[in-house]
Amino acid sequence: MRCNTILAAALVLLTAGGAFAQEWATKMFKERSHDFGTVARGAKSEFRFELTNLYKEDIHISSVRTSCGCTTPTIEKETLKTWEKGAIVAHFNTKSFTGQKNATVTVTIDKPYYAEVQLQVQGFIRSDIVFDPGEVNFGEIDPEKPMQQLVKVTFAGRSDWEIVDVRSANAKFEVELSDAERNGGQVNYNMLVRLLPGSPAGYLRDQLTIVTNDSSSKNIPLTVEGNVSSLLTLSPSSLFLGVLEPGQKVTKQLVVRSKKPFKVMDVKCGDDCFQFTNSDQSKTLHIIPITYTAGDAPGEVSQEIQIVTDVATASCQATATIKATSAE
């Protein structure tokens, strides 16, 4: 019902013409402006302008353009189906530009209707502070092992410049600063950034805040990224049970793996039509048969299945289509 209501409103706006006709596209964006604040030269600075397709028709983003070379936009996913999410990624070019920079990113949508949405980006790139490298990128992260990376921080301007603190909301970060090397008006620090074991699986994108003794612009952000591997792998990640008659039974298998032996403690699902068989043995690979009995109501079925083990929990989405009977 919600989808139909929004789509009807979009059609009215289209017939109105002018700026009002763009509102249906604007509504898809979570935010339409971002201030990077003050950033160091060479620092990685990106922002994802998220959008969600609120309509029945597929949305197609045909292009993006920018008013300033200080910002490079990219399309994360060109075609979005109903309720599917995507993003326009704005990359602030801190290696090539300095000073206050502003840009307008124009997103062009050509399907199901033509529209343009403008996104605003701004920030101040300092020329006197340089990070090398411009981000902390741990790459692929083993959740059971510590990771570390060295970042060189260089300041040019005055010899009494100091880093007084490094802050983060992530308790898994540790930072070790060397004593500053001072040479004339240049100050150099070696900053060792550690990621402690125990981070949750998935993409890690966080930030360190470098606090200095500047009278203005005291805080300088530093991006931290990486991909934390899961202790478990579950395949398939999406389980299609088939197109079934009411009452029909089907059995499929889920395969759960880990680098070290583990036990399957429980298999959870909110639908009584699912039955599971699992072993209480400790091993590196478990094959879990799943039996599904189709209900009487025709339509689409979608249920999350959780595999609870003694090392972690993994989940997948099980889907099926139940046919309508001839009487219906």
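This is a predicted model, so every value here is computed, not measured.

Draft legend 1. View of the overall build of the chain. Broken down by element type, the chain carries 2 helices and 24 strands. Taken over C-alpha atoms, the radius of gyration comes to 26 Å for the chain, far larger than the 20 Å a tight globule of 328 residues would show. Across its three principal directions, the C-alpha atoms of the chain cover 85 × 65 × 25 Å. At a minimum sequence separation of 6, the contacts of the chain that also span at least 24 residues come to 65%. Total accessible area on the chain is roughly 17,200 Å²; 48% of this is exposed by carbon and sulfur atoms. Computed over 34 positive and 38 negative side-chain charges, the inter-centroid distance for the chain is 2 Å.

Draft legend 2. Representation of the pattern of salt bridges within the structure. Applying the stated rule across the entire model yields 16 salt bridges. Among the salt bridges present, the one from Asp-58 reaches Lys-81, with a minimum N-O distance of 3.4 Å. With Asp-58 in the loop between strand 2 (45-52) and strand 3 (59-66) and Lys-81 in the loop between strand 5 (79-80) and strand 6 (85-92), this residue pair connects regions lying 23 residues apart in the sequence. For Lys-81, a relative accessible area of 49% gives the class partly exposed. With its nearest N and O atoms 2.9 Å apart, the salt bridge here joins Lys-260 to Glu-144. Here Glu-144 lies in the loop between strand 9 (136-141) and strand 10 (147-156) and Lys-260 lies in strand 19 (residues 249-262), a separation of 116 residues in the sequence. Relative accessible area serves as the criterion here: at 44%, Glu-144 is assigned to the partly exposed category. The network of salt bridges with common partners includes Arg-126, Asp-128, Arg-158, Asp-160 and Asp-214.

Draft legend 3. Representation of the nonpolar core. Counting residues in hydrophobic clusters, the biggest one holds 28 residues, and the most contacted among them are Trp-24, Met-28, Phe-29, Phe-49, Ile-88 and Leu-119. When contributions to this core are tallied by element, the ones reaching two or more residues are helix 2 (23-26), strand 1 (33-41), strand 2, strand 3, strand 6, strand 7 (99-111) and strand 8 (115-132). Element by element, the count of residues in this core is highest for strand 8, at 5 residues. Contacts of Met-28, omitting those with residues within four sequence positions, involve Glu-50, Leu-51, Thr-52, Asn-53, Leu-54, Tyr-55, Ile-59 and Ile-109. Ranked by size, the runner-up nonpolar core spans 26 residues in total, among them Phe-138, Ile-141, Val-193 and Ile-220.

Draft legend 4. Spatial organisation of the environment of Thr-277. Secondary-structure assignment places Thr-277 in the loop between strand 21 (274-276) and strand 22 (283-293). In the structure, Thr-277 is positioned 192 residues away from Lys-85 in sequence and 35 Å away in space, judged by C-alpha atoms. Filtering out sequence-adjacent residues up to four positions away, Thr-277 remains in contact with Ile-288 and Pro-289.

Draft legend 5. Structural context of empty space enclosed by the protein. Tallying each qualifying case throughout the model produces 1 cavity of 30 Å³ or more. Ile-141, Asp-142, Pro-143, Lys-145, Met-147, Leu-195, Leu-196, Pro-197, Gly-198, Ser-199 and Val-228 are the residues that line the largest cavity. Looking at the lining of the largest cavity residue by residue, the class counts come to 7 nonpolar, 2 polar and 2 charged.

Draft legend 6. Structural context of the packing of aromatic side chains. Scanning the model with the defined rule gives 8 aromatic pairs in all. Ring geometry for Trp-161 and Tyr-189: centres 6.2 Å apart, planes at 70°, overall edge-to-face. Pair noted here: Trp-161 is in the loop between strand 10 and strand 11 (163-167) and Tyr-189 is in strand 14 (residues 186-195), with a separation of 28 residues, a long-range link. One exposure class covers both Trp-161 and Tyr-189, and it is buried. Aromatic rings pair up to connect Trp-24, Tyr-55 and Tyr-113 into one cluster.

Draft legend 7. Seen up close, the confidence of the model for the chain. Overall, the prediction assigns the chain a mean pLDDT of 88, with 93% of residues at 70 or greater. Counting interchain partners and residues more than four positions distant, the pLDDT-below-50 stretch residues 1-18 has 22 contacts.

Draft legend 8. Inspection of the side chain of Ser-258 at higher detail. Relative to the helices and strands, Ser-258 resides in strand 19. Apart from the residues lying within four places of it in its own chain, the contact partners of Ser-258 are Leu-231, Leu-232 and Thr-284.

The rules we used
Residues numbered from 1 in each chain as written. Predicted model: local features only at pLDDT ≥ 70, side-chain atom pairs only at ≥ 80, totals over all residues. Heavy atoms only, no water. Helix = DSSP H or I, 4+ residues; strand = E, 2+ residues; numbered from the N terminus. Rg over C-alpha atoms; globule rule 2.2 N^0.38 Å. Contact = heavy atoms within 4.5 Å. Areas by Shrake-Rupley, 256 points an atom, 1.4 Å probe, with all protein chains shown as cover. Lys, Arg positive; Asp, Glu negative; His and termini not counted. Charge placed at Lys NZ, Arg CZ, Asp CG, Glu CD. Salt bridge = Lys/Arg side-chain N within 4 Å of Asp/Glu carboxyl O. Buried < 20%, exposed > 50% of the residue type's maximum accessible area, 1.4 Å probe, protein only. Core = buried A, V, L, I, M, F, W, Y, C linked by side-chain atoms within 4.5 Å. 1 Å grid on protein atoms, 1.4 Å probe; cavity = no way out; pocket = protein on both sides within 12 Å on 5 of 7 lines; lining within 4 Å. Points joined across faces, edges and corners; volume = space filled by probe spheres on them. Nonpolar A, V, L, I, M, F, W, Y, C, P; charged D, E, K, R; others polar. Phe/Tyr/Trp six-rings, centres within 6.5 Å; stacked < 30°, edge-to-face > 60°. pLDDT = per-residue confidence, 0-100.

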